[in-house]
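Residues per chain, in single letters:
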Amino acid sequence: VMVSMAHLQEEKLRLQEELRGLQEKLTAQESDELSRSLQLQGQVETLKGKLLEQAQEISRLHSELGGTDAEKQRDLLAAENERLRQEMKVMEGELRELRWPLAPCQGCAHLQENAGLQERLSQLQREAEEMRARLAEVDLEVQQKTNRLAEVELRLKDSLAERAEEEERLSRRLRDSQETIASLKSQPQQIKYIIKTVEVESAKTKQALCESQSRNEYLQEQVGMQRQVLKEMEQQLQSSQKTAAQLRAQITMYEAELERAHGQMLEEMQAMEEEKNRAIEEAFSRAQVEMKAVHENLAGVRTNLLTLQPALRTLTHDYNSLKRQVRNFPLLLQETLRNARAEIGQAIEEVHNTNRELLRKYRRELQLRKKCHNELVRLKGNIRVFGRVRPITKEDGEGPEAASVVTFDADDDAVLHLLHKGKQVSFELDKVFPPQASQEEVFQEVQALVTSCIDGYNVCIFAYGQTGAGKTYTMEGTAANPGINQRALQLLFSEVRGKAVDWDYAISVSAAEIYNESLRDLLGKEPQEKLEIKLCPDGSGQLYVPGLTEFRVQSVEDINKVFEFGHVNRATECTNLNEHSSRSHALLIVTVRGLDRSTGLRTTGKLNLVDLAGSERVGRSGAEGSRLREAQHINKSLSALGDVIYALRSRQGHVPFRNSKLTYLLQDSLSGDSKTLMMVQVSPAEKNTSETLCSLKFAERVRSVELGPVSRKAELVSWPSQEQLEVTEGPPGDSPGTAAPPGRGHTSPSPGQLSSRSASIRRKLQTSG
Ligand code: ADP
Ligand code: MG
């Protein structure tokens with residue numbers, strides 16, 4: 001028993017020890033559980049705080065994401081854009097104003113740019129709108145997440161409550177088990193008591209022992225049960241531990257999830273923030289770039305404006321100067337025109353002067369040539385033919401018949417043209433005097449011939465032409481405008497006076513008329529008396545007219561008296577002087593005799609001034625009686641003159657001087673060294689065309705006649721031979737040697753039966769002689 005007692009004792013100790021260990025373990029577990037729950041509570045607390053923080057953060061972010069910055073930025077941009085638009089508008093206005101005079105600004109690059117910018121701005125605005133929408137979305141998401149978080153929290157709370165319940169249950173059980181343990185502790189004192197009774201009461205002990213043994217068994221059962229309970233409790237603890245671990249894991253999981261969600265949210269938020277920032281930055285940079293571009297454009301426009309302004313200024317300046325020029329242009333033009341006119345005028349004047357000079361030179365050359373020609377003529381001896389056209393007179397009447405048919409060459413004064421039957425016939429003479437030529441001009445061409453008779457040459461000047469062509473006008477002229485006759489005598493006087501130092505000169509004058517082939521002395525006492533032409537008896541071969549009155553003249557007055565006397569004589573002999581004079585040849589014979597006092601040389605020159613009868617062909621118009629006889633005589637004498645000249649020209653051996661009284665009388669003045677001037681007078685009137693034509697043809701024929709070489713007719717020089725003077729046919733009743741040659745001295749006509757007037761003139765002449 002002792003042993004079993006000891007053993008039981010031992011067992012009892014071991015159990016007590018074991019209980020103590022279990023109790024310790026339980027307290028440890030309890031404290032562990034407590035600390036763990038505390039820890040969990042703390043964790044839950046911190047999580048709650050975090051949640052709150054996050055909610056705050058979310059609200060903050062939400063307020064931040066409310067787009068205030070973006071809006072502000074957008075507003076700023078809009079304001080900036082508005083300002084820029086305004087500025088653009090102003091600029092456009094300015095530009096339009098500037099460009100207005102040039103061209104309307106259509107499709108301008110700036111406008112286009114502005115439109116582009118506006119578009120982009122609206123795009124940006126749209127983008128901002130999108131961003132805002134997205135933000136709202138994100139907000140929604142955040143809200144959802146917050147909701148979920150609240151759910152999770154709620155669940156966490158639930159689980160925490162469960163846990164609290166579990167804990168309570170566990171603590172209750174722990175208390176139960178402690179109570180049990182306490183009851184168990186009170187049991188061993190009973191055992192001690194039993195053992196003591198056993199020890200005291202042995203027999204009884206044995207019974208007691210059995211009882212105790214059963215009691216032990218029961219206890220052992222009880223311990224086993226307790227052990228079971230403990231095991232159960234341990235299992236429960238383990239399961240609660242497991243649940244706690246599970247809960248913990250769940251919490252960590254939730255935490256992780258929360259963290260992940262938070263992270264995700266943060267990430268998303270960051271991403272969104274970044275995106276927003278980027279968008280804003282982008283928009284900003286774009287806006288800046290655009291702004292810069294706009295500014296650049298603006299600057300470009302400004303520079304353009306600045307460059308345009310000087311251009312405009314220069315343009316306006318140019319325009320003004322142009323306007324000024326235009327204003328001044330008429331004046332300038334006038335000035336230039338005036339200058340040009342002046343220049344042209346000057347040039348014309350110069351040309352004119354040059355022309356005049358050339359013409360003058362040409363004329364001079366022509367004159368020189370003519371002079372040379374004349375000189376040649378003088379040396380050779382020739383007949384010169386001049387033409388003189390009288391002006392149209394009142395007597396010509398009016399109408400086409402009185403029209404002029406004669407024209408002249410402006411450059412050649414030797415040519416005249418005659419319009420005959422619609423054709424222009426040209427004639428070349430030695431000189432042509434137009435109607436306007438004065439008596440003086442005509443005489444200038446004659447004076448050399450006149451003066452040559454001072455040197456001893458015989459000279460004949462004939463006036464040829466139809467009646468009324470101006471023969472008498474040329475030879476005699478009028479009192480106011482004297483002709484060749486008077487001018488010749490005046491010239492001779494002055495020339496003689498000039499030579500008076502060495503020479504003695506005597507000038508005497510005879511006047512005769514040949515009518516119907518009979519010669520009459522116009523200065524004689526008996527004008528009706530017919531004079532004969534006779535050869536000089538001295539054998540000189542010279543002819544003379546016995547009885548021909550010769551007046552010595554010394555002054556112009558003397559000449560006038562002689563002419564007057566001759567006229568009076570001629571007039572008294574006929575009933576109509578004009579008619580008579582037209583049918584007779586009137587001769588003024590001037591003889592110049594000179595004596596060189598130092599050498600004794602004598603010269604005699606004869607100047608025959610002949611106003612021929614009218615050359616018109618009367619005979620053809622069926623004239624009868626005396627008219628026919630007159631015409632026949634005139635024709636005969638004029639053709640005889642032509643023949644003689646022709647014979648002389650062609651140097652024929654036989655010159656028919658004696659075919660007419662005129663040629664016979666003028667034989668020694670036509671032949672040899674004589675000089676002849678034929679002044680062919682023509683009328684320019686249309687009605688006289690055929691007569692004019694005849695006269696000019698005669699003139700041309702005569703012009704080409706050449707006389708022999710001119711020699712000075714001096715007494716020391718041998719006279720031409722009889723043959724030369726054509727003396728084979730002597731004049732009837734010619735008795736050479738019987739009469740003294742005329743003109744050798746002063747012939748004094750004896751006073752006769754002249755009219756009282758002519759007698760008185762004669763007397764005057766005699767006194768002057
Ligand atoms: P002719 O003697 O040939 O018959 P006139 O000499 O009698 O001709 O002239 C006829 C008219 O013409 C006259 O009245 C004359 O004065 C005039 N006459 C002729 N020639 C000229 C002239 N050159 N200038 C002016 N009148 C002239
Ligand atoms: Mg006449």
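Whatever comes next refers back to the structure up there.
This section reports on the structure supplied with the text. (Residues numbered from 1 in each chain as written. Chains lettered and ligands numbered in written order. Predicted model: local features only at pLDDT ≥ 70, side-chain atom pairs only at ≥ 80, totals over all residues. Heavy atoms only, no water.)

1. Regarding the pairing of strand E6 (residues 459–464)
Within a regular strand, side chains alternate between the sheet's two faces.
Right, so step 1: The buried fraction of E6 amounts to 6 of the 6 residues, a majority that puts the element mostly inside the structure.
Right, so step 2: What you see with E6 is no split at all: Val459, Ile461 and Ala463 on one side and Cys460, Phe462 and Tyr464 on the other are buried throughout.
Right, so step 3: With 6 bridges joining them, E6 and strand E15 (residues 675–682) adopt parallel strand pairing. In the sheet register, Cys460 faces E15, and the bridge partner there is Thr676. (Buried < 20%, exposed > 50% of the residue type's maximum accessible area, 1.4 Å probe, protein only. Helix = DSSP H or I, 4+ residues; strand = E, 2+ residues; numbered from the N terminus. Pairing = 2+ DSSP bridges.)

2. Focus: the site of ligand 1
Right, so step 1: The immediate surroundings of ligand 1 are formed by Arg388, Arg390, Pro391, Gln466, Thr467, Gly468, Ala469, Gly470, Lys471, Thr472 and Tyr473.
Right, so step 2: The contact in question runs from an oxygen atom of ligand 1 to an N or O atom on the side chain of Thr472, over 2.6 Å.
Right, so step 3: Compared with its free state, where it exposes 550 Å², ligand 1 has 71% of that area covered by protein.
Right, so step 4: Broken down by element, the residue count for the shell around ligand 1 peaks at 3 residues, all from helix H6 (residues 471–475). (Near = heavy atom within 4 Å. Polar contact = N/O pair within 3.5 Å; in protein donor to acceptor, adjacent residues only side chain to side chain. Areas by Shrake-Rupley, 256 points an atom, 1.4 Å probe, with all protein chains shown as cover.)

3. Considering the sheet that holds strand E2 (residues 406–408)
Right, so step 1: Within the open sheet, the 3 strands sit side by side as E2-E3-E4. Their pairing is antiparallel. Pairing within the sheet leaves two strands with one partner each, and these edge strands are E2 and strand E4 (423–428). Within the sheet, the average angular offset between the axes of one strand and its neighbour, ignoring direction, is 30 degrees.
Right, so step 2: Sheet analysis places strand E3 (residues 415–420) next to E4, joined by 6 bridges and oriented antiparallel. Note on E4: the bridge partner recorded for Val415 is Glu428.
Right, so step 3: Of the strands in this sheet, E3 and E4 are in contact with helix H13 (residues 689–703), which crosses E3 at around 145 degrees. (Axes fitted to C-alpha atoms, helices over the stretch in contact; angles between N-to-C directions. Contact = heavy atoms within 4.5 Å.)

4. Thoughts on the pattern of salt bridges
When the charged atoms of two side chains lie near each other, side chains of opposite charge can form a pair.
Right, so step 1: Scanning all chains against the criterion turns up 24 salt bridges.
Right, so step 2: Across the salt bridge formed by Arg14 and Glu11, the nearest N and O atoms sit 2.5 Å from each other. With a gap of 3 residues between them, Arg14 and Glu11 both fall in helix H1 (residues 2–65), about one helical turn apart.
Right, so step 3: On the accessibility criterion, Arg14 (39% relative accessible area) is partly exposed.
Right, so step 4: We note a salt bridge from Lys606 to Asp668, for which the minimum N-O separation is 3.8 Å. With Lys606 in strand E14 (residues 602–611) and Asp668 in helix H12 (residues 667–670), this residue pair connects regions lying 62 residues apart in the sequence. Residues Lys606 and Asp668 agree in their burial class; the two are buried.
Right, so step 5: Within this structure, Glu11, Arg14, Glu18 and Arg227 form a network of salt bridges that share partners. (Salt bridge = Lys/Arg side-chain N within 4 Å of Asp/Glu carboxyl O.)

5. Details of unusual backbone geometry
Right, so step 1: Backbone geometry places Lys421, a non-glycine residue, at a positive phi of 50 degrees.
Right, so step 2: Along the chain, the position of Lys421 falls in the loop between E3 and E4.
Right, so step 3: In this structure Lys421 comes out as exposed when scored by relative accessible area, which is 76%.
Right, so step 4: Of note, the phi angle at Glu517 is positive, near 65 degrees, even though the residue is not glycine.
Right, so step 5: With respect to the helices and strands, Glu517 occurs in the loop between strand E7 (503–515) and strand E8 (518–521).

6. Quick word on a nonpolar patch on the surface
Right, so step 1: Together, Phe329, Leu333 and Leu337 line one region of the surface with nonpolar side chains, adding up to about 270 Å² of accessible area.
Right, so step 2: Tracing the chain through its elements places Leu337 in helix H4 (residues 202–380).
Right, so step 3: Given a relative accessible area of 39%, Leu337 falls into the partly exposed group. (Patch = residues over 30% accessible without salt bridge, like charges linked within 9 Å, V, L, I, M, F, W, Y side chains within 5 Å.)

7. Some points on helix H7 (residues 484–498)
Right, so step 1: Given a rise of 1.5 Å per residue, 15 residues ought to cover 21 Å, and the 21 Å separating the end C-alpha atoms of H7 matches this to within 8%.
Right, so step 2: Three or more residues of H7 are buried, namely Ile484, Asn485, Gln486, Arg487, Ala488, Leu489, Leu491, Leu492, Phe493 and Val496. (Expected span 1.5 Å × (residues − 1).)

8. Remarks on helix H5 (residues 439–452)
For the α-helix, the turn length of 3.6 residues means that residues three or four positions removed from each other point alike.
Right, so step 1: Compared with an ideal rise of 1.5 Å per residue, which puts 14 residues at 20 Å, H5 spans 20 Å between its outermost C-alpha atoms and is within 8% of the ideal.
Right, so step 2: Where H5 bends most, at Val446, the angle is about 45 degrees.
Right, so step 3: The set of residues buried in H5 consists of Gln439, Val442, Phe443, Val446, Leu449, Val450, Thr451 and Ser452. (Bend = angle between axes of the 7 residues up to and from the residue.)

9. As for the environment of Cys694
Right, so step 1: Counting through the fold element by element, Cys694 comes out in helix H13.
Right, so step 2: In this structure the C-alpha to C-alpha distance between Cys694 and Val682, which are 12 residues apart in sequence, comes to 9.7 Å.

10. A word on the packing of aromatic side chains
Right, so step 1: Taken as a whole, this structure holds 4 aromatic pairs when the rule is applied.
Right, so step 2: Plain terms: the ring middles of Trp503 and Tyr505 are 5.5 Å apart, the flat faces sit at 15 degrees to each other, and that makes the pair stacked.
Right, so step 3: In this structure, Lys675 packs its charged tip against the face of Tyr457, placed 4.7 Å from the ring centre. (Phe/Tyr/Trp six-rings, centres within 6.5 Å; stacked < 30°, edge-to-face > 60°. Lys NZ or Arg CZ within 6 Å of the ring centre and 35° of its normal.)

11. Section: the nonpolar core
Right, so step 1: Formed by 49 residues in total, the largest nonpolar core has its most connected members in Phe462, Leu662, Leu670 and Met678.
Right, so step 2: In terms of residues, this core owes the most to one element, helix H10 (residues 625–649), which gives 7 residues.
Right, so step 3: Excluding residues that lie within four positions of it along the chain, Phe462 makes contacts with Val610, Leu612, Leu641, Leu662, Leu666, Leu670, Thr676, Leu677, Met678 and Met679.
Right, so step 4: Ile454, Met475, Trp503 and Phe563 belong to the second-largest nonpolar core, a separate cluster that totals 42 residues. (Core = buried A, V, L, I, M, F, W, Y, C linked by side-chain atoms within 4.5 Å.)

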